[in-house]
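# Results of the structural survey
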Amino acid sequence: MGAGHTHVLHRAGTSPVHRLPPEVKIVAMVVFTVAVVATPREAFWAFGGYAALVAAVAALARIGPGWLLTRSMIELPFVLFAFALPFLAAGDRVDVLGLPLAVEGLYGAWNILAKGTLGVLASLLLAATTTVRDLIVGLDRLRCPQVFTQIATFMLRYLDVLVGEARRMRVARVSRGDDPRFLWQLRGFAAGVGALFLRAFERGERVYLAMLSRGYTGRMPVALYGGGAATVGQWAAAATVPLLAAGIAATAVVLT
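Computed from a predicted model, the values in this text were never measured in an experiment.

On to the overall build of the protein chain, then. Per the secondary structure count, the protein chain includes eleven helices and two strands. Counting helices and strands in the order they occur from the N terminus, the protein chain gives α-α-α-α-α-β-β-α-α-α-α-α-α. Considering the protein chain as a whole, with its 256 residues, one finds that 34% of them fall into the buried category. Long-range contacts, defined as pairs at least 24 residues apart, comprise 76% of the intrachain contacts of the protein chain with a sequence gap of at least 6. In the structure as shown, the protein chain presents an accessible area of about 15,500 Å², 71% of it carried by carbon and sulfur atoms.

We now examine the packing of aromatic side chains. In this structure the tally under the stated criterion is six aromatic pairs. Between the aromatic rings of Phe-44 and Tyr-107, the centroid separation amounts to 6.4 Å while the plane-to-plane angle is 15°, which identifies the pairing as stacked. On the criterion of sequence distance, the pair formed by Phe-44 in helix α3 (residues 44-61) and Tyr-107 in helix α6 (residues 103-129) is long-range, its members being 63 residues apart. The exposure class assigned to Phe-44 is partly exposed, which follows from its relative accessible area of 43%. The rings of Phe-32, Phe-44, Phe-47, Tyr-50, Tyr-107 and Trp-110 are connected pair by pair, giving a single aromatic cluster.

Taken together, Val-94, Val-96, Leu-97, Val-103 and Leu-106 make up a surface patch of nonpolar side chains, about 400 Å² in accessible area. Contributing elements (two or more residues each) for the nonpolar patch: β1 (93-96) and α6. Mapped onto the elements of the fold, Val-96 is located in strand β1.

Here is what the cut-offs are and how they apply
Counting of residues starts from 1 at the beginning of each chain's written sequence and follows it residue by residue. Restriction of local features to residues with pLDDT of at least 70 applies here, the model being predicted, together with a cutoff of 80 or more for giving and counting side-chain atom pairs; totals for whole chains, interfaces and linings are based on all residues. The side-chain numbers reported here are obtained from all heavy atoms of the structure, hydrogens and water having been left aside. Going along the chain from the N terminus, every DSSP run of H or I of four or more residues is numbered as a helix, and every run of E of two or more is numbered as a strand. Only protein chains enter the calculation, and the probe is 1.4 Å; a residue is then buried if its accessible area is under 20% of its type maximum, exposed if over 50%, and partly exposed in between. The contact criterion used is simple: two residues touch if any of their non-hydrogen atoms lie within 4.5 Å. Exposure was quantified through the Shrake-Rupley algorithm and a 1.4 Å probe, taking into account, for residues, occlusion by the shown protein chains and nothing else. Each Phe, Tyr or Trp ring (for Trp, its six-membered ring) is paired with any other whose centre lies within 6.5 Å, and the angle between the two planes then decides the class: stacked below 30 degrees, edge-to-face above 60, tilted in between. Patches draw on residues past 30% relative accessible area with no salt bridge. Two like charges within 9 Å are joined, as are two nonpolar side chains (Val, Leu, Ile, Met, Phe, Trp, Tyr) within 5 Å. Each salt bridge in this description consists of a side-chain nitrogen of Lys or Arg and a carboxyl oxygen of Asp or Glu lying within 4 Å of one another.

Spelled out as structure tokens, the structure:
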């Protein structure tokens, strides 16, 4: 029952970024991302400023560039799409290394690469310095709808249980001569998925009824969250990066 409170992206540490309450880090990341997205794509210098802010936070959190670059490969499909834009877009063209590329496509590719990469890096820093449990706590403190935070809480707590049950079902299936790698055995695989869904549904109903009998009212007890809300000083410290990003974005909009 205690499984699932960490995730592969979290990097345990005691840095000032790790110690910040989750709600202030969530707000800071969202404001920073909005500032990046609102920046005109022609303001190349602004994205250099955003990259410097990300690098400063990473250094403060003691997150190495190698770790960030490796995990940022998740955006690879968007990178491939961005590289195709200069060849597919219409409009004026310019020769680059002997290749006729669309100007609008080059701007579009740069826009996707710069903003997408900065957004992914900001999200990785949030995930690296905040556990999944703390992220849910932060969302609850920010008055996120209870239906979302409660679903996420139960998913976090019981995901490992369902994965373990699915693994046991697969072992039982293979031990009886079934091999889901073959196309004609997809029917058995689909039946197994359906059985797992029914088991999960029944388990969830039993857990919910047990919680109701123990006084559950639709909201987790505050005692489970531990600690208090962020102080004014913590909000001010976390606001440094998003305010700088907002200032860069505003300047870029005025100058462009």
